[in-house]
Amino acid sequence: MKFFFPDSQDQINPDFDFVTEEHLALRVRQRDDLYAHEVLDGHVIDGLLVSKAIVDGTAGSAGKYTAAQRNRLYRVGVRRFFRLDQTSSSHIQTMGDCGAFSYIDEEKPPVTPDQVIDFYAECGFDLGISVDHVIFGFDPAADIDPHHPQLEQWQLRQQITLQLASEFLALSRARKVRFEPLGVAQGWSPASYAAAVRSLQQIGYKRIALGGMVPLKTPEILASLRAISLAREPDTQLHLLGITRCSNISEFASYGVKSFDSTSAFRQAFKDDKDNYHTMDRTYTAIRVPQVDGLPKLKKQILAGKVDQELAIQRERACLRALREYDVGQGSAQHVIDAIQHYNDITGLRTYYDAYLDVLTDTPWRSCPCSICTKAGINMILFRGSERNKRRGFHNIYVFRRRLDRELNARS
Ligand SMILES: [Zn+2]
């Protein structure tokens, strides 16, 4: 089972100083900052998924790449851009897709198969996904109700996706591309997903990506995979696009799923209310110590003269000091939480007393063998700024991989 991590230009700087919160003066982002696959040792990540929408942007929005980064990617190719030409990362495969969620509201995809093939071929991807149009909705009742309000639109999107997959494969063959093409199946029910897979196999695809599954619940994904398995030819390999629930992946494997991509473990580090730091058996809440500057409401109060800026900064620093002292065995967990409560009296943020006491008492960063926790210590459970939050995200990817391997081993 191969795990692809979707690129969003997330990097950390290994020389970041947690005490001064500064980068080295001579830091060059492109040269010195590291991607997840460079920080995490071994086979944690099997592949990178790079979306054309993130690189090139779409009609409505700019991508995540600066013009310089974009030019560099096209010029040096995806392997050199992500430094996959090192021995330690030579096993990592690269997959391109068009980023269908970025144009979900449009009537038709704004990109053509030719444009997408240009992107895959010029950047030198190993695998390229056909242009698709996401069906946003899941309702098996539509299969037996011809008057279902959304059926017409869903059928149209499925047709568009199949038509584009057919053009994409024909063009890829005509242009003798070096990447392996994947066709996308979109559906609104187990039966409609199975029908799409059947059509893609007839078109000639051996590798099929299942799209639109991001919002689906696990039983819905499993029901769809069961129906697909009846249509799937033995040598057809499946990729699950954008999986958010990762607890049943070994079961997915039994239905022919060979790979998937997910950002959820990474993003939970700084997007989730409470499940921020993952371990093999549970999750912890990260301790929120935001920068005074990073709180718009507080800044307004400071400008209005209602809050003393100096005092706010003093209390913020007191939190960081208390956390550092705690990590070297000076001061108690209660002392840390008092400092946080003191700061939150000004910020108005909630102090998650029980959750904070829990993570401080268990000190999970000390027992994690990953190279990030070993170096960053208590900063791993600090919800503050990109350097700390992304480190925690990378650590979560590491744990996610170990949990996945444990699950797969238990099944085999
Ligand atoms: Zn770790």
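In this text, all values refer to a predicted model and were calculated from it rather than measured experimentally.

Chemist: What am I meant to see in the pattern of salt bridges here?
Modeler: Side-chain pairs of opposite charge can arise whenever the charged atoms involved come near each other. One pass over the full model with this rule turns up 21 salt bridges. A salt bridge links Arg 282 to Asp 358, with the shortest nitrogen-to-oxygen separation between them at 2.8 Å. Taken together, the positions of Arg 282 in the loop between β11 (277–278) and β12 (283–284) and Asp 358 in helix α15 (residues 353–362) put the pair 76 residues apart, joining distant regions of the chain. By relative accessible area, which is 30% here, Asp 358 ends up partly exposed. Each member of the salt-bridge network shares a partner with another, and the members are Glu 21, Glu 316, Arg 384 and Arg 388.

Chemist: Would you take a moment to explain empty space enclosed by the protein for this structure?
Modeler: It is the rolling of a water-molecule-sized probe over the atoms that shows where space remains empty. For the structure shown, the criterion picks out 3 cavities of 30 Å³ or more. Lining of the largest cavity is provided by Phe 5, Asp 7, Ser 8, Asp 10, Tyr 35, Ala 36, His 37, Leu 48 and Phe 82. Classifying every residue of the lining of the largest cavity by side-chain character gives 5 nonpolar, 2 polar and 2 charged. The calculated volume of the second largest cavity comes to roughly 40 Å³. Counting only elements with at least two residues in the lining of the second largest cavity, the list comes to β1 (2–6), α11 (264–271) and α18 (385–411). Here the lining of the second largest cavity takes 3 residues from α11, the largest share from any one element. For the lining of the second largest cavity, the class distribution of residues is 7 nonpolar, 3 polar and no charged.

Chemist: I would appreciate a short explanation of the coordination of the zinc ion in the present structure.
Modeler: By definition of the ideal shapes, a tetrahedral metal site with four donors has angles of 109.5 degrees and an octahedral site with six donors has angles of 90 or 180 degrees. Protein-derived ligands of the zinc ion are Cys 368 (SG), Cys 370 (SG), Cys 373 (SG) and His 395 (ND1), with the metal-ligand distances lying across 2.1 to 2.3 Å. Coordination at the zinc ion comes from 4 donor atoms whose angles at the metal span 99 to 122°, giving a geometry best classed as tetrahedral. Here the donor residues of the zinc ion are spaced in sequence according to C-x1-C-x2-C-x21-H. Of the two residues, Cys 368 and Cys 370, neither departs from the other in class, the shared state being buried.

Chemist: Is there a simple way to think about the pairing of β1 in this case?
Modeler: Two faces make up the sheet, and in a regular strand the side chains alternate between them. In terms of residue burial, β1 counts as a mostly covered element, since 4 of its 5 residues are buried. Two elements, β1 and strand β10 (residues 257–261), share 3 bridges in a ladder whose sense is parallel. Considered in β10, the bridge of Phe 4 is made with Asp 261. With 3 bridges joining them, β1 and strand β4 (residues 47–51) adopt parallel strand pairing. Residue pairing across strands places Phe 5 opposite Leu 48, the latter belonging to β4.

The rules behind the values
- Within every chain, residues take consecutive numbers counted from 1 along the sequence as written.
- Thresholds applied to this predicted model are a pLDDT of at least 70 for local features of residues and 80 or more for the giving and counting of side-chain atom pairs; totals over whole chains, interfaces and linings are not thresholded and use all residues.
- By convention in this description, side-chain values take in all heavy atoms of the structure and omit both hydrogens and water.
- One side-chain nitrogen of Lys or Arg within 4 Å of one carboxyl oxygen of Asp or Glu is enough to make a salt bridge.
- Only DSSP runs of H or I with at least four residues qualify as helices, and only runs of E with at least two residues qualify as strands; both kinds are numbered from the N terminus onward.
- Partly exposed residues are those whose accessible area sits between 20% and 50% of the maximum for their type, while under 20% is buried and over 50% is exposed, using a 1.4 Å probe and protein chains only.
- A 1.4 Å probe that fits but cannot get out identifies a cavity on a 1 Å grid over protein atoms alone, an open set with protein on both sides within 12 Å along at least five of seven lines counts as a pocket, and a residue lines either if it has an atom within 4 Å of a point.
- Grid points are joined across faces, edges and corners, and a volume is the space filled by probe spheres set on the points.
- Think of it as three bins: nonpolar holds Ala, Val, Leu, Ile, Met, Phe, Trp, Tyr, Cys and Pro, charged holds Asp, Glu, Lys and Arg, and polar takes everything else, Gly as well.
- The rule for donors is simple: N, O or S, within 2.8 Å of the metal, or within 3.2 Å if the metal is Na, K or Ca. Water isn't counted, so a site may look like it is missing partners.
- Tetrahedral means four donors with every angle between 85 and 135 degrees, whereas square planar (four donors) and octahedral (six donors) require angles over 155 degrees between opposite donors and between 65 and 115 for all others; sites fitting neither are termed irregular.
- Here, a strand pair is defined by DSSP locating no fewer than two bridges between the strands.

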